[in-house]
Amino acid sequence: MESILKTRELTIDFGGQAAVSGVSLEVPKHQFQSIIGPNGAGKTTLFNLLSGQLQPTHGTILFKETDITHLSPPLRTRMGMGRSFQITNVFPNLTVLENVRLAVQSSAGVRFNFFSALSRFKQFEEEAVHYLKSVMLDGKRDSLAKHLAHGEKRKLEIAMLLALKPELLLLDEPTAGISIEEVPAILDVLRGIKEQGDKTILLIEHKMDMVLDLSDSVTVLFNGKLLASGSPQDIMNNELVQSAYLGGLYDDAS
Amino acid sequence: MRMISRYTIGLLPIVIIMLLAAYPFMNDSRSTLILLSKIFIFAVFAMSYDLLLGYTGIVSFGHAMFFGIGAYAIGIVMYKIGDSMGMLLLALLIGVVLAAIVSYIVGILTLRLQSHFYAMLTLAFAGLFTVLAEKWRSITKGNDGFPFPIPDFFRDRTTFYYFALVFMILFFLLLRRFTKSPLGRVLQAIRENEQRTASLGYQVVHYKVIVSVVAGVVAALCGGMYGMTLRFVNTSVFSMNTTLDALLMTIIGGIGTLYGGVIGAALIELAHELLTSLAKVHPIFERWIIFFGLLYILVVMVFPLGIAGTFKLWLKRKKTSIPLGKRDDVPW
Ligand SMILES: Nc1ncnc2c1ncn2[C@@H]1O[C@H](COP(=O)(O)OP(=O)(O)OP(=O)(O)O)[C@@H](O)[C@H]1O
Ligand SMILES: [Mg+2]
C-alpha cells in the first residue's frame, strides 16, 4: 500500500539523552495507526518531530513523497498534516467558536485578507459550529476558552484539529482528561473519520485497550526506540512487548 | 430596561461626535481647539500602538520614531520646498514610505526572534533618528527645531479642528475594520498563543511584519498631523516621552479596544495641560512624569483592564447577568 508518511532513522538528542532514537516508521495511506508506549517513551517527542516543533539531530521525514525534515510547522500544516496537543494548547482569551473558526479560516486558505465579506465570515462560523457539535461542545461556543473545564479544552483541541481538515491527523492522547462517560463519544468521532476512509490517522495512546479495536496497526515505542509494529493481535501476543511494556509498567500507569 | 441602556450606550459615541462637531460654534478659543485637535491625533497614535501591544502582543519602545518621521517629513518639505497642497501630500507620502521601509526593516530583523529584540531595536532606531535630527543641522536646525508654514487652507484652526476630527473617526473605522478582518483575527491569535497559531498553518512572522508596518505608517501620519497642528517640529517628537505617551494612553484607555486610545489620549493630554498650568503654582507640577506615574497606578488599580476594557467587561456582565462578585478575569 502507498504510504503517506515515512521516517528514516529519526533521532533527537536532548543533551546526551536520545528521547527518540533511530525510529524508522511507515504509515500507509488511509490507515488508523496507533503508537503506544509507557510514560516518557518519546511518543510526544516523535510527534513534535513530525509536526516540526522540534528539529531532529539525525534522520529524515517524508510526507507525501516530499522531504519535509526542514519545513516549518505552518507549511507542514498547509501540506495537510494536522495535530492535536497532549497538553492543552488553545487560545485562552478567545471564544470557543473563534478558536475553531481560526482553524476553519486557515484550511480555507484565507490568510492575509484585510477585508472579507460578511457572508464568508458567517460561513466560517457555521462550519466551526459543525465541528463543535461533533465533539459536543456547541453549548459553550461563546465562552472564553480559558473558562472551559479540562475535558472541554481537550474536546476543543480535537475540534480545532478536525476543522483543519488534514489528510494526516496526529492525535496525542485525545481522550486523556475526558470524563469516562464522554470517551466513547470521542472514540465515535474518530471512528466516523476512519469510516469516511479518506484520512490517515496516527494516534498516540497510553492505554492500549482503548484503541485496539479501532487500530489497523499498532506501533510500540519504548525508551525512544521502535520496539515492535504490527496488527493489534500481533502486538497483544508479542512476547517482547509483553515483557517490556505490558508486563510491569502498564499496570502502574493505568 | 436593559434594552434601553444598551441602546443608550450604542448612541454614546454618536452623541459625543455631534457635541465635538458643534463645539467650535459654542467656543472658538484657539487654545482649546488646538488641545482637542491634539487629542484627536494622539488618539490615533495610541490606536496604532494598540495594534502592536493590544492586538498582537508586540512591545515597542520606539514607536515615537515613526511619529517623528512623519512630523519631520512635513516640516522639512514645507520649509525647504514649499507650502502648497500638493507639497503637503508629497510630504505625507514621504513620511509614510519612509516609515514603511523602516518598520519593515526593523520587523524583518527582529520579529522572528524573541519579543524583546523588537523592543530593543525599535528603541535603538529611535535613538538613531534623534541623533540624526540633532546633528543634521543644515536640514533640521538641530535640537531647537524650526517653525514652518502649512497650506493656507489648514491655517484656520477651526478648519484644522474638523480635519483632525474626521481623521480620528476615519482611522478608528479603518483600524476597527482591520482588526476584525481575517488578518486581524490572526493577530489576536498570535497574541494569545504564537506557537499554536503557527501550527494552524499561519506563518506568524509575516503577520507580525505586516502589523508592524501598518502601525508604523499610521503613526507617521499622526506625526504629520501633529506637525501641522504645531507648525513647528523639534527632536522631542522622537523622544522616549512620545513613546511613553502612546504606551500610557493605550494602557490607561484599555489595550485591545482601539477606542480606549481616545479615552487615554484625552486623559493624558488634559493632564498635561492641567500640570502645565499648575506649574505656575508650584514647580513640583513640572515633574509631570511623577503624576503620570501616579495616574497610571491609580487607573491600573481601579480599572485593571484599562478604562475601556473594564467598561466592556462590565457591559458584558450586564448582558449575561453574571453577578459582579464573581470576577475571575480580574486579578483581585
Ligand atoms: N524539550 C525537551 N528537552 C529535554 N528533554 C525532553 C524534552 N522533551 C521531552 N524530553 C524528554 O524526552 C523523554 C520523552 O518524553 P515524551 O514527552 O516524548 O514522552 P511520552 O511518550 O509522550 O510520555 P507521556 O506518555 O507521559 O506523554 C522524557 O524523558 C522527557 O523528559
Ligand atoms: Mg506524551
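Parameters at a glance
Residues numbered from 1 in each chain as written. Chains lettered and ligands numbered in written order. Predicted model: local features only at pLDDT ≥ 70, side-chain atom pairs only at ≥ 80, totals over all residues. Heavy atoms only, no water. UniProt positions renumbered as here; feature names shortened; annotations may be inferred. Helix = DSSP H or I, 4+ residues; strand = E, 2+ residues; numbered from the N terminus. Rg over C-alpha atoms; globule rule 2.2 N^0.38 Å. Buried < 20%, exposed > 50% of the residue type's maximum accessible area, 1.4 Å probe, protein only. Contact = heavy atoms within 4.5 Å. Expected span 1.5 Å × (residues − 1). Near = heavy atom within 4 Å. Polar contact = N/O pair within 3.5 Å; in protein donor to acceptor, adjacent residues only side chain to side chain. Areas by Shrake-Rupley, 256 points an atom, 1.4 Å probe, with all protein chains shown as cover. Donors = N, O, S within 2.8 Å, 3.2 Å for Na, K, Ca; no water. Axes fitted to C-alpha atoms, helices over the stretch in contact; angles between N-to-C directions. Parallel < 35°, antiparallel > 145°, perpendicular 65-115°, else oblique. Left-handed = near helix turned anticlockwise from the far one by under 90°. Buried area = accessible area lost by both parts, 1.4 Å probe. Salt bridge = Lys/Arg side-chain N within 4 Å of Asp/Glu carboxyl O.

The name given to chain B in an unreviewed UniProt entry is Branched-chain amino acid transport system permease protein, and the organism recorded there is Paenibacillus sediminis. Turning to chain B, the UniProt annotation filed under Subcellular location (unreviewed entry) states: "Cell membrane".

The name given to chain A in an unreviewed UniProt entry is Branched-chain amino acid transport system ATP-binding protein, with Paenibacillus sediminis as the source organism.

Draft legend 1. Structural view of the overall build of chain B. Each helix and strand in chain B was counted, giving 15 helices and 2 strands. By the compact-globule yardstick of 20 Å for 332 residues, chain B fits well, its C-alpha radius of gyration being 20 Å. Expressed as lengths along the three principal axes of its C-alpha atoms, the size of chain B is roughly 60 × 50 × 40 Å. Going through the 332 residues of chain B one by one, you find that 49% of them count as buried. In chain B, 76% of the contacts between residues at least 6 apart in sequence involve partners at least 24 apart.

Draft legend 2. Quick look at helix 3 (residues 96-107) of chain A. Compared with an ideal rise of 1.5 Å per residue, which puts 12 residues at 16 Å, helix 3 of chain A spans 17 Å between its outermost C-alpha atoms and is within 8% of the ideal. Within helix 3 of chain A, 11 of the 12 residues are buried, which leaves the element mostly enclosed by the surrounding structure. Of the positions making up helix 3 of chain A, those classed as buried are A:Val96, A:Leu97, A:Glu98, A:Asn99, A:Val100, A:Arg101, A:Leu102, A:Ala103, A:Val104, A:Gln105 and A:Ser106. Looking at the packing, one finds that the buried side of helix 3 of chain A touches helix 4 (118-134) and helix 5 (150-163) of chain A together with helix 9 (182-192) of chain B. Where helix 3 of chain A terminates, the next one or two residues include A:Gly109, which has phi positive at roughly 75 degrees.

Draft legend 3. Molecular detail of the site of ligand 1. All names here are of chain A. Neighbouring ligand 1 are 14 residues; Asn39, Lys43, Thr44, Thr45 and Gln86 lie closest to it. Within the side chain of lysine 43, one N or O atom sits 2.8 Å away from an oxygen atom of ligand 1. In the environment of ligand 1, an oxygen atom lies 2.5 Å from a nitrogen or oxygen atom belonging to the side chain of threonine 45. In isolation ligand 1 offers 630 Å² of accessible surface; the protein chains occlude 62% of this area. Mapped onto the shell around ligand 1, the elements with two or more residues apiece are strand 2 (17-28) and helix 1 (43-51). Per-element accounting of the shell around ligand 1 gives the leading share, 3 residues, to helix 1.

Draft legend 4. The environment of B:Ala271, seen in detail. Residue and element names in this part refer to chain B. Turning to its location among the elements, alanine 271 is positioned in helix 13 (residues 260-278). Its relative accessible area of 17% is what places alanine 271 among the buried residues. Along the chain, alanine 271 and phenylalanine 291 lie 20 residues apart, while their C-alpha atoms are 8.6 Å from each other.

Draft legend 5. The arrangement of the coordination of the magnesium ion (ligand 2) in detail. Residue and element names in this part refer to chain A. The magnesium ion (ligand 2) binds to the protein through Thr44 (OG1) and Gln86 (OE1); the donor distances cover 1.9 to 2.1 Å. Here threonine 44 is found in helix 1, whereas its partner glutamine 86 is found in the loop between strand 6 (81-83) and helix 3, with 42 residues between them in sequence. Residue glutamine 86 is classed as partly exposed on the basis of its relative accessible area of 31%.

Draft legend 6. Unusual backbone geometry, seen in detail. One non-glycine residue with positive phi stands out, namely A:Glu65, at about 70 degrees. Counting through the fold element by element, A:Glu65 comes out in the loop between strand 4 (58-63) and strand 5 (66-67). Residue A:Glu65 is classed as exposed on the basis of its relative accessible area, which comes to 62%. Of note, the phi angle at B:Lys141 is positive, near 60 degrees, even though the residue is not glycine. Turning to its location among the elements, B:Lys141 is positioned in the loop between helix 6 (137-140) and strand 1 (146-147). With relative accessibility at 31%, the residue B:Lys141 sits in the partly exposed group.

Draft legend 7. Main features of the packing of helix 3 of chain A against helix 9 of chain B. Between helix 3 of chain A and helix 9 of chain B, the least distance of the axes is 11 Å, while the angle of their chain directions is 125 degrees. Here helix 3 of chain A is positioned oblique relative to helix 9 of chain B, judged by the angle of their axes. Crossing angle aside, the handedness with which helix 3 of chain A passes helix 9 of chain B is left-handed. Between helix 3 of chain A, through A:Glu98, A:Arg101, A:Leu102 and A:Gln105, and helix 9 of chain B, the contact on the second element is made entirely by B:Pro182, B:Leu183, B:Arg185, B:Val186 and B:Ala189.

Draft legend 8. The arrangement of the interface of chain B and chain A in detail. Contacts between chain B and chain A engage 27 residues on the former and 34 residues on the latter. Counting the surface chain B buries against chain A, the share from its top three residues, B:Pro182, B:Arg196 and B:Leu200, is 24%. Linking chain B to chain A there are 2 salt bridges. Two residues, A:Glu157 and B:Arg196, come together in a salt bridge whose shortest N-O distance is 2.8 Å. Where chain B meets chain A, there are 16 residue pairs in polar contact (both at pLDDT 80 or more). Secondary structure elements with two or more residues in the side of chain B that touches chain A: helix 8 (157-180), helix 9, helix 10 (194-199) and helix 11 (204-230) of chain B. Of the residues forming the side of chain B that touches chain A, the biggest block, 8 residues, is contributed by helix 9 of chain B.

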